[in-house]
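Below are the chains, spelled out letter by letter.
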Amino acid sequence: MIAITAPSQRFSRLLANPSAGAILLLVILIVAMSVAFPNFFTGINAGNVSNQMVFVLLLALGMTVVLITGGIDLSVGSVMGLSAGIGAYTITSGAPLVVGLLTTMAVGAFLGLINGIMITKLGLPDFIATLAMLGVARGALFLWTGGVPIIGYMLPEYYVISGLSQPFGFITVPILIAIVAVVVVAVVLKFTSYGRHAYGLGSSPHAAVLSGVPVARIKVIAYMISGLMAGVAGMIMAGRNTTVAPTMGLGYEVAAIAAAIIGGAALGGGRGSAFGAVIGALVLSITANAINIAGVSSSWQQVVTGGVLLLAVVFDRVSSLIRARSARLATRLAHA
Amino acid sequence: MSVRTRLTQTLAIDGLPVAAALALAVVFFSLASPFFLTQENISNLLTQSLFVIILAAGMTFVLIVGGFDLSVGAATGLSAATTMLVLMNGGALPLGILAGIATGMAFGIINGFFIAVMEINAFIVTLATLSIGAGALQVLTTGTQLTGVSLPAFAWLTKGSILGIPTGVVITLVIVAALEWVLLFTTFGRTIFAVGTNPRAAFLAGTPVRRLTFSVYLLSGTIAGLAGVLLASHLNSVQPGLGQGYELSAIAAAVLGGVSLAGGRGSVWRAVIGALFLATMAQGLQLIGVDPLWFSIVTGASIVIAVAFDRAVQQWVIKQLAAATTKRQIFDDSDASASVSADAPTTSATRSSVRNTK
C-alpha cells in the first residue's frame, strides 16, 4: 500500500511547490523552441526577451503583492497609461527629466492609493473599485489628450532610461530597474513585518484582524505598490514607444494577472512570491517571442495570453485537487 | 427618528434610487437642452443603449447567482464579426443570426464549463475569455474589411420600425420581458436566487447548483450573441476592439439598478433602468456640449457611487433592525430575530423583517 502511494505523494509534493508547473512549462517551451528554430536560443534573442518582459514583470510584481493580501488590481493597464501621459506632459511643459519621471511614478502610486481608499474606506469589492479605476483612468487619458498621442518629451537621457539606446550591451537600464524591483519586493515580502502581515491577511483575513494586523493599511500599501509598479512600467514604456498613445497599456492587466498566477500567486490570497512573478513573466514573454519567431501574426498575441491564463488557472486547480486528495489519502493511511 | 426610519426604508426599496436618478437626469437635460425631449433624440438614445440594456439583463442573472462575467463585451464583438462574416460570404440571414448567437453560446459554454464544472474563479475565467475573444476579433478583422452587407432584412433588425417603434427597441423589449418572466416565474429563475443567497444551503436542499451556474453563463453568453447580431446590423461594419468596455457598462447598469454583487438580489427591469440612466447621461452630456469621452469616467464613477450608496443604506437598515430586534427581544424571545442578527442578511430578508417589526 505504502509502496504504491509513495510515487504519487512525491509527485504531489513536487506539485505543491507553486512555481513547479510554471518552471516545467518554461523548460518545455525553451527546449521545443530551441529545437524548432535555430535563431531562438541566441544571445540577441535573450536580450530581446528580457527587454520586452520588463513591463509585464513590473506589473506582475505589484499584482503579486495585491494577490497575496487577497485582493486584485484590474486597473494597472490604465494606470500605466495615465501616469505615463502625465509624466510625459510635465516634461513637454519644461520640467527637468527627473521631475517628469518622479511624477510618473507618483501618479501611479497616487492612483493606487485611491484604489486602496475605495476598497478599505468605502467598502467596495476590490474588483469593482479597480474596474471603475480602469474605466476612469483610461477615460481621463483619452479625454485629456483628445485621442492625440503625446510627443516631444524624448530628452536624450530618456533613450538610455527606456533602453532604446544600450550603452552597456543588452543589459539595459530597464532590466536593471526590474532587477532592483524584484529584489526590493522579494525582501519586503520575505523579511519585513509588512510582508508577513500581507501573507497573514491573505491566508485568513479574520485571524489577521483578531491578531491586530492593521488590515486597512496593509491593503492600501499593497495597492500603492501595484500603482507604483504600473507607474514605473509606464515610465519605461513612454520612453520605449517615444509617444504616449491614449491606448497605452490597454489590456496589460490580463498579462499581469496571468503572470502572477502562473508564478504561483492565488486568487484566494496568502500565496505568491517575487520569484514566481519573474517565472510567470518569463513564460508569457517567451510565449510571445515564440509566436513572433514562428512567424505567427502578432494579432494572435491576445488570444495566446488569454489561453495561457486559462491554462494556468486550470493547472492550479488540478494540482490543488491532487494535493487535497493525497492529503486525504495520507490521513486515511495514518488512521489505518 | 421616525422620519429617518421612513427615509431609510424608502431608500432601501430596490430600484427606487436609480429610478429617481433617471427621472432627475431626464428633467435636468430637458431643461438644459431643448433638443433632449424630441422624438428623434429619444429614438436615438434608445437605439444606442439597446446593446447595454440587453447585456445588463443577461448580466443580472450572472450577478444574482453570485457570479461575474467580464467576457460579455468581447463576446458581443466577436458575435457581430461572425454574423458579418457569414452574411458577407453569401450566407442567408437566419444562418448569419445563428452564427452570431452560436458564437455567444460558445463563450457561455466555455465560461460555464470552467466555472461550474472545474470550479475555477469566475472572474479569472471570464477575464481570460475576454482576452481570447478580443484577440480572436483582432485576428478576424486583420486584413479583411468586415463591412458592406446589403441585406434589407438585416438592416431592418435595428433600423426598421414596427408600428412606429424602432425594430431594435421592440426586439429588446421582447428579450427583456422574456428574461424578467424567466427570472420571476420559472423554477430556474427562483432557484438561482436561492443559489445566489446561499449556495451551500441551496446545495443541501437538493438544488442542482452546478447545472444552474452553468446555465446562467450559457444564458449570459447567448444574450451577448444576440446583442452582437443587433450591433452588426446597427453598424454594418465590424472593427477590432468592437464591444470593448461593454462589460463595464453592463455591470455598471446592473449595479446601479441595485443588483447585488454578492448574489441573491436583483431584477431585470431595475438593471434596464440602470442602463437607461447611463444612456441618458451619455446622450444628455453630449447634447449640452460635454465631450463624449467623459462617458467612461461617468460609468466608472457611477459604479463606485452606486455600490458605496447601496452599502451605506444596507448598513443603516441593519443598524435600525438591530435596534428594533433588541427592543422586541425584551418582550418576547422570538427566534425569527436570531437569524436576522447574523452579520450579512440579504435585503429581502432585511426588508421583510423591517416590515414585521413595524
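Bear in mind the structure is a predicted one, so any value in this text is a computation, not a measurement. (Residues numbered from 1 in each chain as written. Chains lettered and ligands numbered in written order. Predicted model: local features only at pLDDT ≥ 70, side-chain atom pairs only at ≥ 80, totals over all residues. Heavy atoms only, no water.)

Re the overall build of chain B
Then step 1. In terms of helices and strands, chain B carries 16 helices and 4 strands.
Then step 2. Taken across its 358 residues, chain B has 52% of its residues classed as buried.
Then step 3. Carbon together with sulfur atoms contributes 68% to the accessible area of chain B, which is approximately 15,600 Å² in total. (Helix = DSSP H or I, 4+ residues; strand = E, 2+ residues; numbered from the N terminus. Buried < 20%, exposed > 50% of the residue type's maximum accessible area, 1.4 Å probe, protein only. Areas by Shrake-Rupley, 256 points an atom, 1.4 Å probe, with all protein chains shown as cover.)

Quick notes on the overall build of chain A
Then step 1. Per the secondary structure count, chain A includes 14 helices and 0 strands.
Then step 2. Going residue by residue from the N terminus, the α and β elements of chain A occur as α-α-α-α-α-α-α-α-α-α-α-α-α-α.
Then step 3. A compact globule built from 336 residues would reach a C-alpha radius of gyration of about 20 Å, and chain A, at 21 Å, matches this within 12%.
Then step 4. Summarising its shape, the C-alpha atoms of chain A cover approximately 75 × 55 × 30 Å along the three principal directions.
Then step 5. Looking at chain A as a whole, 51% of its 336 residues qualify as buried.
Then step 6. Summed over its atoms, the accessible surface of chain A is roughly 14,300 Å², and 72% of this surface lies on carbon and sulfur atoms.
Then step 7. One way to put it: in chain A the 15 positive side-chain charges average out to a point 18 Å from where the 5 negative ones average out. (Rg over C-alpha atoms; globule rule 2.2 N^0.38 Å. Lys, Arg positive; Asp, Glu negative; His and termini not counted. Charge placed at Lys NZ, Arg CZ, Asp CG, Glu CD.)

What to know about the nonpolar core
Then step 1. Counting 198 residues, the largest nonpolar core has Tyr 153 and Tyr 158 of chain A together with Phe 68 of chain B as its most contacted members.
Then step 2. The element best represented in this core is helix α3 (residues 43-68) of chain A, accounting for 15 residues.
Then step 3. Beyond its immediate chain neighbours, meaning those up to four positions away, Tyr 153 of chain A contacts Ala 88, Ile 91, Thr 92, Tyr 158, Ala 238, Thr 242, Thr 243 and Val 244 of chain A. (Core = buried A, V, L, I, M, F, W, Y, C linked by side-chain atoms within 4.5 Å. Contact = heavy atoms within 4.5 Å.)

Focus on helix α14 (residues 301-335) of chain A
Then step 1. Between its terminal C-alpha atoms α14 of chain A stretches 51 Å, which fits the 51 Å expected from 35 residues at 1.5 Å a residue.
Then step 2. Every buried residue of α14 of chain A is listed here: Val 303, Thr 305, Gly 306, Val 308, Leu 309, Leu 310, Ala 312, Val 313, Val 314, Ser 319 and Ser 326 of chain A. (Expected span 1.5 Å × (residues − 1).)

A look at the packing of helix α12 (residues 252-262) of chain A against helix α13 (residues 274-293) of chain A
Residues and elements named next belong to chain A.
Then step 1. One way to put it is that α12 packs onto α13 with a least axis distance of 7 Å and a crossing angle of 120°. Here α12 lies oblique to α13, going by the angle between them. Here the hand of the crossing between α12 and α13 comes out right-handed. On the side of α12, the interface is formed by Ala 255, Ala 258, Ala 259 and Ile 262, while α13 contributes Gly 276, Gly 280, Ala 281, Val 283 and Leu 284. (Axes fitted to C-alpha atoms, helices over the stretch in contact; angles between N-to-C directions. Parallel < 35°, antiparallel > 145°, perpendicular 65-115°, else oblique. Left-handed = near helix turned anticlockwise from the far one by under 90°.)

Some points on the pattern of salt bridges
Then step 1. All chains considered together, the criterion is met by 2 salt bridges over all chains.
Then step 2. With a shortest N-O distance of 3.0 Å, Glu 119 of chain B and Arg 317 of chain A are connected by a salt bridge. Here Arg 317 of chain A lies in helix α14 and Glu 119 of chain B lies in the loop between α5 (93-117) and α6 (122-141), a pairing that spans two chains.
Then step 3. Among the residues examined, Arg 317 of chain A registers a relative accessible area of 21% and is labelled partly exposed.
Then step 4. The salt bridge involving Arg 210 of chain B is made with Glu 119 of chain B; its shortest N-O contact spans 2.8 Å. Pair noted here: Arg 210 of chain B is in helix α11 (residues 209-235) and Glu 119 of chain B is in the loop between α5 and α6, with a separation of 91 residues, a long-range link.
Then step 5. Its relative accessible area of 40% is what places Glu 119 of chain B among the partly exposed residues.
Then step 6. Connected through shared salt-bridge partners, Arg 317 of chain A together with Glu 119 and Arg 210 of chain B make up one network. (Salt bridge = Lys/Arg side-chain N within 4 Å of Asp/Glu carboxyl O.)

A look at the packing of aromatic side chains
Then step 1. Summed over the entire model, instances satisfying the criterion amount to 9 aromatic pairs over all chains.
Then step 2. Seen from their ring centres, Tyr 89 of chain A and Trp 144 of chain A are 5.4 Å apart, and the 80° between their planes marks the pair as edge-to-face. With Tyr 89 of chain A in helix α4 (residues 76-92) and Trp 144 of chain A in helix α6 (residues 126-145), the pair connects residues that are 55 residues apart, well separated along the chain.
Then step 3. Counting every residue linked through ring pairs, the aromatic cluster contains Phe 127 of chain A together with Phe 68 and Phe 123 of chain B. (Phe/Tyr/Trp six-rings, centres within 6.5 Å; stacked < 30°, edge-to-face > 60°.)

Some words on the environment of Ala 122 of chain B
Residues and elements named next belong to chain B.
Then step 1. By the element assignment, Ala 122 lies in helix α6.
Then step 2. Sequence separation between Ala 122 and Ala 250 is 128 residues, and the spatial gap between their C-alpha atoms is 16 Å.
Then step 3. Beyond its immediate stretch of four places on either side in the chain, Ala 122 contacts Phe 68, Ile 115 and Tyr 217.

As for helix α8 (residues 167-185) of chain B
Along an α-helix, a turn takes 3.6 residues, which lines up residues three or four apart on a common side.
Then step 1. For α8 of chain B, built from 19 residues, the straight-helix expectation of 27 Å at 1.5 Å per residue is met to within 8% by its first-to-last C-alpha distance of 27 Å.
Then step 2. Listed in full, the buried residues belonging to α8 of chain B are Thr 167, Gly 168, Val 169, Thr 172, Ile 175, Val 176, Leu 179, Glu 180 and Leu 183 of chain B.

Concerning the confidence of the model for chain B
Then step 1. Within chain B, residue pLDDT values average 82, and 88% of them lie at 70 or more.
Then step 2. Considering only residues more than four positions removed or in separate chains, one finds that residues 334-358 of chain B, a stretch of pLDDT under 50, has 23 contacts. (pLDDT = per-residue confidence, 0-100.)

A closer look at the interface of chain B and chain A
Then step 1. Taken together, the contact between chain B and chain A spans 36 residues of the former and 35 residues of the latter.
Then step 2. Here chain B meets chain A over a buried area of about 3,100 Å², counting both sides, of which 82% is carbon and sulfur.
Then step 3. At the boundary of chain B with chain A, the tally comes to 1 salt bridge.
Then step 4. Between chain B and chain A we count 3 residue pairs in polar contact (both at pLDDT 80 or more) in total.
Then step 5. Listing elements by their share of the side of chain B that touches chain A, those giving two or more residues are α6, α12 (246-256) and α14 (295-331) of chain B. (Buried area = accessible area lost by both parts, 1.4 Å probe. Polar contact = N/O pair within 3.5 Å; in protein donor to acceptor, adjacent residues only side chain to side chain.)

A short note on the side chain of Thr 305 of chain A
Then step 1. Mapped onto the fold, Thr 305 of chain A is located in helix α14.
Then step 2. The class of Thr 305 of chain A is buried, set by a relative accessible area of 14%.
Then step 3. Filtering out sequence-adjacent residues up to four positions away, Thr 305 of chain A remains in contact with Val 254, Ala 255 and Leu 284 of chain A together with Ser 131 of chain B.

Quick notes on the packing of helix α2 (residues 16-32) of chain B against helix α13 (residues 268-287) of chain B
Residue and element names in this part refer to chain B.
Then step 1. Look at α2 against α13: their axes get within 9 Å of each other, and the N-to-C directions meet at 20°. In terms of orientation, α2 and α13 fall into the roughly parallel class. Considering the relative orientation of α2 and α13, their crossing is left-handed. Contacts from Val 18, Ala 19, Ala 21, Leu 22, Ala 25, Val 26 and Phe 29 in α2 reach Ile 273, Gly 274, Leu 276, Phe 277, Thr 280, Met 281, Gly 284 and Leu 285 in α13.
Then step 2. In terms of residue class, the contact of α2 with α13 is made up of 12 nonpolar, 3 polar and no charged. (Nonpolar A, V, L, I, M, F, W, Y, C, P; charged D, E, K, R; others polar.)

Notes on a nonpolar patch on the surface
Then step 1. A grouping of Phe 170, Ile 171, Leu 176, Ile 179, Val 183, Val 187 and Phe 191 of chain A is seen on the molecular surface, where their side chains present a nonpolar patch of about 650 Å² in accessible area.
Then step 2. Of note, Phe 170 of chain A is situated in the loop between α7 (156-161) and α8 (173-191). (Patch = residues over 30% accessible without salt bridge, like charges linked within 9 Å, V, L, I, M, F, W, Y side chains within 5 Å.)

Details of the side chain of Thr 141 of chain B
Residue and element names in this part refer to chain B.
Then step 1. Along the chain, Thr 141 falls in helix α6.
Then step 2. Separated by 2.6 Å, the side chain of Thr 141 and the backbone oxygen of Leu 137 make a polar contact.
Then step 3. Excluding anything up to four places from it in sequence, Thr 141 contacts Leu 146, Val 238, Gln 239 and Pro 240.

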